[in-house]
Amino acid sequence: MRTIAVTRYITPLREGGSLPAIIEADDDGMYVLKFHGAGQGARALIAELIVGKLALACSLPMPEIVFASLNSELGRSEPDAEIQDLIRASTGQNLAIDYLPGSITFDPGVDVPDADLASSIVWFDAYTTNIDRTIRNTNMLMWQRRLWIIDHGAALYFHHSDNYSPERSQDRFPMIRDHVLLPHASSLREIDAKMASKLSPTVIRKIVEAVPDNWLERYADSGDAHSQRERYIDYLVKRLEGPRAFVEEAISARATYL
Ligand SMILES: Nc1ncnc2c1ncn2[C@@H]1O[C@H](COP(=O)(O)OP(=O)(O)O)[C@@H](O)[C@H]1O
Ligand SMILES: [Mg+2]
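Keep in mind the model is a prediction, meaning the values are calculated, not measured.

*Asks:* I'd like a description of the domain arrangement of the protein, backed by residues and values.
*Replies:* Partitioning the protein into structural domains gives domain 1 (3–98) and domain 2 (104–143 + 168–257). For domain 1 and domain 2, the distance between their C-alpha centroids amounts to 22 Å. Contact with domain 1, which involves 21 residues of that partner, is made by 25 residues of domain 2. Taken together, both faces of the contact between domain 1 and domain 2 bury some 2000 Å²; the carbon and sulfur share is 76%. The interface formed by domain 1 and domain 2 holds zero salt bridges in total. Across the contact surface, domain 1 and domain 2 share five residue pairs in polar contact (both at pLDDT 80 or more). Of all the secondary-structure elements, those providing two or more residues to the side of domain 1 that touches domain 2 are helix H1 (42–57) and strand S5 (92–98). For the side of domain 1 that touches domain 2, the leading source of residues is H1, giving eleven residues. Residues of the side of domain 1 that touches domain 2, tallied by class, amount to 14 nonpolar, five polar and two charged.

*Asks:* Please set out the sheet that holds strand S8 (residues 146–149) residue by residue, giving values where relevant.
*Replies:* Taking strand neighbours across the sheet as the criterion, the three strands line up as S6-S7-S8 in an open arrangement whose pairing is antiparallel. In this open sheet, the two strands that pair with only one neighbour each are strand S6 (104–105) and S8. In this structure, S6 lies alongside strand S7 (residues 140–143), joined through two bridges in antiparallel fashion. Looking across to S7, one finds that Thr 105 is bridged to Leu 141.

*Asks:* Provide a residue-level description of the pattern of salt bridges, including the pertinent values.
*Replies:* Considering all chains together, one arrives at 18 salt bridges under this definition. Of the charged contacts in the structure, one is a salt bridge between Arg 88 and Asp 85, with a shortest N-O distance of 3.4 Å. Placement of both Arg 88 and Asp 85 in helix H2 (residues 81–88) is noted, with a separation of three residues, approximately one turn of the helix. What makes Arg 88 partly exposed here is its relative accessible area of 48%. The exposure class assigned to Asp 85 is partly exposed, which follows from its relative accessible area of 43%.

*Asks:* How would you explain the coordination of the magnesium ion (ligand 2) if you had to name every residue and give the values?
*Replies:* Protein ligation of the magnesium ion (ligand 2) involves Asn 139 (OD1) and Asp 151 (OD), the donor distances falling in the range 2.0 to 2.2 Å. With a gap of twelve residues between them, Asn 139 in the loop between helix H3 (115–127) and S7 and Asp 151 in the loop between S8 and helix H4 (188–197) connect regions that are remote in the sequence. Each member of the pair, Asn 139 as well as Asp 151, is classed as buried.

*Asks:* Any chance you could break down the pairing of strand S3 (residues 30–34) for me, citing the residues and the numbers?
*Replies:* Of all five residues making up S3, four are buried, and the element is well covered by its neighbours. Hairpin connection of strand S2 (residues 21–25) to S3: four residues between the antiparallel strands, including Asp 28 at a positive phi of 70°. As paired strands, S3 and S5 are joined by four bridges and run antiparallel to one another. Of the residues in S5, the one forming a bridge with Leu 33 is Ala 96.

*Asks:* I'd like to hear about the side chain of Asp 192, residue by residue, with values.
*Replies:* Examined against the element boundaries, Asp 192 turns out to sit in helix H4. Asp 192 sits in the buried class, given a relative accessible area of 15%. The residues contacting Asp 192, other than those within four sequence positions of it, are Trp 123, Arg 244 and Val 247.

*Asks:* An account of the pairing of S8 is requested, with residue identities and associated values reported.
*Replies:* Pairing of S7 with S8, which is carried by four bridges, proceeds in the antiparallel orientation. Along S8, the bridge assignment pairs Leu 141 with Trp 148. Counting the residues between successive antiparallel strands, the hairpin from S7 to S8 contains two residues, one of them, Gln 144, with a positive phi of roughly 50°.

Calculation criteria
- Residues numbered from 1 in each chain as written.
- Chains lettered and ligands numbered in written order.
- Predicted model: local features only at pLDDT ≥ 70, side-chain atom pairs only at ≥ 80, totals over all residues.
- Heavy atoms only, no water.
- Domains from an automatic or database assignment.
- Contact = heavy atoms within 4.5 Å.
- Buried area = accessible area lost by both parts, 1.4 Å probe.
- Salt bridge = Lys/Arg side-chain N within 4 Å of Asp/Glu carboxyl O.
- Polar contact = N/O pair within 3.5 Å; in protein donor to acceptor, adjacent residues only side chain to side chain.
- Helix = DSSP H or I, 4+ residues; strand = E, 2+ residues; numbered from the N terminus.
- Nonpolar A, V, L, I, M, F, W, Y, C, P; charged D, E, K, R; others polar.
- Pairing = 2+ DSSP bridges.
- Buried < 20%, exposed > 50% of the residue type's maximum accessible area, 1.4 Å probe, protein only.
- Donors = N, O, S within 2.8 Å, 3.2 Å for Na, K, Ca; no water.

Right, here's the structure in full:
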């Protein structure tokens, strides 16, 4: 994975809770920066990294993800004390997403993705237990007439509990009923095997191994960095082994309102 260095803080994005920012980097690109020192903690970044990379591995439309190194000097000229504190608390390695200039929020009343794309996104969000793609907050953008998914910080909710049990990987995820694309997801059964085949244990391991030690080490109650990584790998690999209850759950959630 590439690493960029943040050269300029441009503006905060205040819609969400985590106060991400548009920044400029040493490659002259613009990115949306997710701060490891934000209130949600480093676990939001861990989910953003693992799930964002899994989305890319599934060929879902997700902007590029890079590591972003942040120097505390950057906050010096920032007039807003809250932002200054956030920058100071986030020196070192953060996460950045390629900024899609001129994108607009996905509008469920106007934008209608085709059945295979809608089904793939619903499948993926059920797999990664992402609660954050609802009608109130779609976390999808329209850019260059295409749909893009963003914001996976609330996914992988199992990691908020210190005691991991492998059965968690079989959670059906009933919250999928609130997914904004569920009405369009008419080919869940057809795309199931193809989606699962893109996520081999090797692909999953490679993605999880990229999570930085110092993000994981803040959660000492959950074990050292190595054992936490093994939990993510175990969960994500086991969740794909059939029968995939999360797929059945999404199909039956659709059936209730058809
Ligand atoms: N890559 C991106 N390109 C353009 N705009 C973005 C991008 N990522 C996020 N945004 C905008 O910033 C808002 C907040 O970002 P998001 O990733 O959803 O974080 P959070 O909801 O945790 O604050 C989004 O709703 C969207 O409007
Ligand atoms: Mg969001």
